[in-house]
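Tertiary structure, described
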Amino acid sequence: MAEARWVDVVVPVPVRTAFTYAWPLDREPEPGLRVFVPFGRNRVLLGVVVSVRTDAPDYTAKDVLRCVDERPSFQRQQLALWYWLSEYYLCAPGEAMAAAMPGFMQVEPDDEAPYTLREDGVWSVRFAAPRHDGDAVNRAFGSLARAKLQAEALLRYFQLALEAEPDDNRHPWVAVASLTAEGSDVKPAHLSALVERGILERELRPLDRSLDLGDALALPELSEAQSAALTELSSAAGQPALLWGATGSGKTEVYLHLAAHALEEGKHVLLMVPEIGLIPQVLRRAGRALGAERVAAWHHQLADGERRALWDHLLDPDSAPRVVVATRSGILLPWHRLGLIVVDEEHETSYKQQEPAPRYHARDVAVWLAQQKKIPIVLGSATPSAETWHHAATGKYARAALPERYSGVAFPEVRALSTLKAQVLHQEVGPFTPEAYAAVAQALVDRQQVLVFQNRRGYAPVLTCMNCGWIEPCSECDVSLTYHKKARQLVCHYCGLHKDLPQTCPQCRQSAWDWRGLGTERIEEEVEALFPEARILRVDSDSARSKRAMSDFLQWMESGEIDLVVGTQMVGKGLDIAGLALAVVTNADTMLSRPDFRAHERAFQLLLQVAGRTGRREQRGLLLVQTATPGHPVLQKVADHDVAGMMDLLLRDRAEHHYPPFARMLRIEVRHRKESVARDVAHFLAENLLRALAGGILGPDAPPVARVQGLFRQHLWVKLPADGSVKATKRRVLKELDGLIYHPHGRSVRVVVDVDPI
Ligand code: ADP
Ligand code: ZN
Ligand code: ZN
């Protein structure tokens, strides 16, 4: 009989502790094993053993029911990370565990096998017609006019197919798991319906991790500037390092050299990118430089089999080193023998998880992990975040710079154009000032490509009755509905509610609608009227759903046969537009005047990114920014391409007002169906926090959109001093949150804590 033992088990519940169970099994308990444990009155949960204890708890612990694993599925380092996440981000270790446990490990109590994987391959679909039958795409979408969900599923297939390798004259296979992944509206039933119609074919495809790389295998030779940066980064002993390099300066080449070095030492490399859409390209480049068998991808759309293969590979202490190109969840993998972390585009907000907890910032977690493991970490960006810039400026981080584009193309000219002047003089031409209009017209005459950037989709953000001024609000959120003209619908951009445009005004029964403000759809319409000869394409999350836009889009990607693109920031992300001559930002004021201390930082980053899409070797690009405030300091810094100057401005302001990086922020959101309850509870909490912390509390206040999906929200901000007392302060905050049970409504509100919100 084995000696009595107990284990602490983390289970996926939002309770900030592990639970102790007795270990009645024959095998030895070990941290990292998955187990089934009884929980509450009659639930059985899958948890993970985090520690083994020989001392009995002072109550009768229940028994572990079953151990799922032969060997631990998680490493001790991962368990430590869950605890660090829970402490830093004020979540439960079980929430961190749930985020770190991939779907294939989430077995049910009656599953026999250690993993749920039952198939020896990946169910995949492809468009059935040959690739050269261009009209087949249109015919297929035509036949789906009445099957909107199937049309959307097909569209999603084509989007993912763009990233896959085609099979000579057939369309590429795309895994069903990728199409139906979390965050997608596509259901397996839609795909089955498409298979039944003969539009898609379905097959169980063998796992195939070979990359078709085309070119010969070679690590690119570095330029002098790149070699110098490499040397600086390699000598940044024990410090995180910022690689500040202009777009196209060849940061990726520097990463690959660093990665090659780590591989030679037998170490794995984590290369993080902010968007799933960027992975295929980076993977191909890494594969070409380092060998296809030495690179792998990790993201939530991978098929279970692929994820499991990589997980097992990383768990195996003797496996060959790999470069793993991953989105933010890559930081949660079983990393031992990790030799290097690279966080590309470190300023991107998609590194921060918003929902659900843990609301972690993968870049910050990466910095922590690198310091734990004493390995190098490189944060790369053309427009670093204010935080990272500050750390580099104060010597906490090392810094290397690549100011020039590798191709030698000059940075585009940037001009701010006054919309007020144009308005006063009645000189506007559609959405353009006269200067912008002339520049677009000239570019089109010269047969050059133009981007018109408007960060708002739909036709008009506000539809009003001309007679009585009625504005249709969302029934669930405190915002007006956005008018989408082509669909003849009003849409809530917060909760997704759709409704048909009313024939007459619900208030006065007249039918004279007016609209205010510009969305991409309206700009597209106006630009079409201004330039009837131009081939125009709109790229936003709506257009990516309509059938015509889709076949145009495919064509455009392949041949560049589009003159003018109207787009949101979707254009900036992932799409590589070769050498636009001109970009016009129709209205920069909404981004410059957002009520958020990061508004200027974000606007600067976005504008510089759009500017970075313009220009070729033969011709300098041009960015025109339309605004009511042409003298705005942010626009001047963009025009001067002055990142350092912008950062100085921002940081001076942040220091003065005690904002990050000079303080840390913690946001508490209280949600309830009734506004008064949300407000009461938030005030109760604010008073208690104020007493406990003696200051540093802002709010409570309703955010600009106070109600979303029927819940009223109140925000409270806690400013934490950026010194060693952060931990203690956070513990006090937790104590006060626990004290909410003393409020009569304390149990009926939902409270969301976000540490370092963005
Ligand atoms: P960044 O990652 O900084 O935006 P990239 O690494 O994508 O820049 O480089 C931009 C372009 O310049 C790419 O097409 C890349 O192939 C090319 N390039 C950069 N450095 C080199 C090099 N050392 N040798 C060959 N081509 C390079
Ligand atoms: Zn009316
Ligand atoms: Zn809504």
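Residues numbered from 1 in each chain as written. Chains lettered and ligands numbered in written order. Predicted model: local features only at pLDDT ≥ 70, side-chain atom pairs only at ≥ 80, totals over all residues. Heavy atoms only, no water.

**Notes on the overall build of the protein**
Applied cut-off: Runs of E in the DSSP output that reach at least two residues are strands. Runs of H or I that reach at least four are helices, and both are numbered from the N terminus. Throughout, radius of gyration means the C-alpha value; the globule benchmark is 2.2 Å times the number of residues raised to the power 0.38. Every accessible area reported is derived by Shrake-Rupley at a probe size of 1.4 Å, with residue values counting cover from the shown protein chains alone. For this count, His and the chain ends are skipped, Lys and Arg are scored as positive, and Asp and Glu as negative. Taken as the charge location is NZ of Lys, CZ of Arg, CG of Asp or CD of Glu.
The secondary structure content of the protein amounts to 22 helices and 31 strands. On C-alpha atoms alone, the protein measures out to a radius of gyration of 27 Å, which is about the 27 Å that the 2.2 N^0.38 rule sets for 758 residues. With the model as given, the accessible surface of the protein reaches about 34,600 Å², and the carbon-plus-sulfur share is 49%. If the 88 positive side-chain charges of the protein are averaged to one point and the 95 negative ones to another, these points end up 4 Å apart.

**Things to note about the coordination of the zinc ion (ligand 2)**
Short version of the rule: Coordinating N, O and S atoms are those within 2.8 Å of the metal (3.2 Å for Na, K and Ca), and as water is not part of the atoms, a site may appear to have fewer donors than expected. Labels for metal geometry use angle windows, namely 85 to 135 degrees for all angles of a four-donor tetrahedral site, and for square planar (four donors) or octahedral (six donors) sites opposite donors over 155 degrees apart plus all others within 65 to 115; sites meeting none of these are irregular. Only protein chains enter the calculation, and the probe is 1.4 Å; a residue is then buried if its accessible area is under 20% of its type maximum, exposed if over 50%, and partly exposed in between.
Taken together, Cys465 (SG), Cys468 (SG), Cys505 (SG) and Cys508 (SG) make up the full set of protein donors to the zinc ion (ligand 2), lying 2.2 to 2.3 Å away. Relative to the metal, the four donor atoms surrounding the zinc ion (ligand 2) lie at angles of 102 to 115°, and the coordination shape comes out tetrahedral. Along the chain, the residues donating to the zinc ion (ligand 2) fall in the pattern C-x2-C-x36-C-x2-C. Given a relative accessible area of 2%, Cys465 falls into the buried group. Residue classification places Cys468 among the partly exposed positions, given a relative accessible area of 31%.

**Quick look at the site of ligand 1**
Heads up, the condition is: Note on terminology: near, applied to a residue and a molecule or strand, indicates that one of the residue's heavy atoms is within 4 Å of it. Polar contacts, as counted here, are pairs of nitrogen or oxygen atoms within 3.5 Å of one another; within protein the pair requires one atom able to donate a hydrogen and one able to accept it, and residues that are adjacent in sequence qualify only if both atoms are side-chain atoms. For this scheme, ten residues count as nonpolar: Ala, Val, Leu, Ile, Met, Phe, Trp, Tyr, Cys and Pro. Four count as charged, namely Asp, Glu, Lys and Arg, and the remainder, Gly too, count as polar.
Surveying the vicinity of ligand 1 reveals 14 residues, the closest of which are Glu221, Gly248, Thr252, Glu253 and Arg285. Here an oxygen atom of ligand 1 and a side-chain polar atom of Thr252 are 2.8 Å apart. Against a free-state accessible area of 560 Å², the protein chains account for coverage of 69% of ligand 1. No other element matches the three residues that helix 8 (residues 251–264) contributes to the shell around ligand 1. Tallied by class, the residues present in the shell around ligand 1 amount to three nonpolar, seven polar and four charged.

**With respect to the packing of helix 8 against helix 9 (residues 279–290)**
We apply this condition: Every axis in this analysis is a line fitted to C-alpha atoms, fitted for helices over the stretch in contact. Angles between the N-to-C directions lie between 0 and 180 degrees. Roughly parallel here means an angle under 35 degrees, roughly antiparallel means over 145, roughly perpendicular means 65 to 115, and every remaining angle is called oblique. For a crossing to be left-handed, the near helix must be turned anticlockwise from the far one by less than a right angle; the clockwise case is right-handed. Two residues qualify as a contact provided that any one of their heavy atoms is within 4.5 Å of a heavy atom in the partner residue.
At their nearest, the axes of helix 8 and helix 9 sit 10 Å apart, and the two run at 50° to each other. Of the possible angle classes, the one that applies to helix 8 and helix 9 is oblique. Helix 8 and helix 9 meet at a crossing whose hand is right-handed. Taken together, the residues of helix 9 that come into contact with helix 8 (itself represented by Thr252, Glu253, Leu256, Ala259, Ala260 and Leu263) are Arg285, Ala286, Ala289 and Leu290.

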